[in-house]
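Take a look at the letters that make up each chain.
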Amino acid sequence: MNPRYILFIHLVVNDMIQMTLTVFLFVISYTFYKINASICCIFMLPVVSTTENTPLNLACMAVECYIAVCIPLRHSQICTIKRTFMIIGQIWTVSLLSVLPDLFITLATQPLDFFYSKVLCLRQTAFPHPVIVKKRDVTFAVFLVVVWITIFYTYFKILFTAKTTSKDAKKARNTIFLHGFQLLLCMTTYVAPQLLKLLRQRFPKNSTDALFAYYIIVQVLPRSISPIIYGVRDNTFRKYLKMHLLWGIKIR
């Protein structure tokens, strides 16, 4: 099994979990508007973890692409299936270590009445302590710097390799570029609180519509690109996609 496809499958499964939970919370916000704070805290753990997993997973895929193009003779030694699963485990560890302290701080600082109250289920309302907000900003800044350095380094390394080598290297360069575009959209998560605040200030009478626009921009749009990058551009996926589509047409 190819490590590249393992990382892609993990990305798709992660985004499916994230989208399922966020759609559920979004429907709840439209129907009931507010839910119990303790239930919201529980939902926030996997939502935040899977949201933060996406840019980390993209960075790992960029590194794998870089190794395949720039160090092809050692690719099979470096990118093993075992190491790929270890990387996935580390991605989840980093994201959980980012969000679990929010829960612990909330449990330690908020009065008991807070957990029986009803809130609009967002991260800043589920974990409202100022220390958590500062920690979130620092964490996002670190993620932003590390992931973007990774993307830029791998892109320019592949760019220089693509000038002198095969067509596959040029395709890899384009893939890294699309990674960067997708990552740019994912980074809207890191300015999501400010974006939501801005939308509510601009449209105070349409807070529900502002929440819908926020959801589309921050959650749906970045995760709609992965199938295009791999489902259409990748030869292996394209072959099976055509096969199944043609099979469906013949059945009809």
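Please refer to the structure higher up on the page.
Just so it is clear, the model here is predicted, and its values are computed rather than measured.

Visitor: So what's going on with helix α2 (residues 37-70)? Residues and values would help.
Guide: The first and last C-alpha atoms of α2 sit 50 Å apart over 34 residues, in line with the 50 Å expected at 1.5 Å per residue. Burial of α2 is extensive: 25 of the 34 residues sit out of reach of the surface.

Visitor: Give me the lowdown on the environment of His75, citing residues and values where you can.
Guide: Tracing the chain through its elements places His75 in helix α3 (residues 75-78). On a C-alpha basis, the gap between His75 and Cys65 in space is 9.5 Å, while along the polypeptide they are ten residues apart. Non-local contacts of His75, meaning those with residues more than four positions away in its chain, are made with Glu64, Ile67 and Ala68.

Visitor: Talk me through the side chain of Thr22; I want residue IDs and the actual numbers.
Guide: Residue position: Thr22 is located in helix α1 (residues 3-31). Classification of Thr22 by relative accessible area gives buried; the value is 8%. Looking at Thr22, its side chain comes within polar contact range of the main-chain oxygen of Gln18, at 2.8 Å.

Visitor: Explain the packing of aromatic side chains to me, using residue names and the numbers behind them.
Guide: The tally for this structure, following the rule as stated, stands at five aromatic pairs. With centroids separated by 5.3 Å and ring planes inclined at 35°, the aromatic side chains of Trp148 and Phe152 adopt a geometry described as tilted. Of the two residues, Trp148 and Phe152 both sit in helix α7 (residues 130-162), four residues apart, roughly one turn of that helix. Residue Trp148 is classed as buried on the basis of its relative accessible area of 18%. When its relative accessible area of 44% is taken as the criterion, Phe152 is described as partly exposed. Between the aromatic rings of Phe152 and Phe156, the centroid separation amounts to 6.3 Å while the plane-to-plane angle is 15°, which identifies the pairing as stacked.

Parameters and conventions
- Residues numbered from 1 in each chain as written.
- Predicted model: local features only at pLDDT ≥ 70, side-chain atom pairs only at ≥ 80, totals over all residues.
- Heavy atoms only, no water.
- Helix = DSSP H or I, 4+ residues; strand = E, 2+ residues; numbered from the N terminus.
- Expected span 1.5 Å × (residues − 1).
- Buried < 20%, exposed > 50% of the residue type's maximum accessible area, 1.4 Å probe, protein only.
- Contact = heavy atoms within 4.5 Å.
- Polar contact = N/O pair within 3.5 Å; in protein donor to acceptor, adjacent residues only side chain to side chain.
- Phe/Tyr/Trp six-rings, centres within 6.5 Å; stacked < 30°, edge-to-face > 60°.

By themselves these figures say nothing about function.
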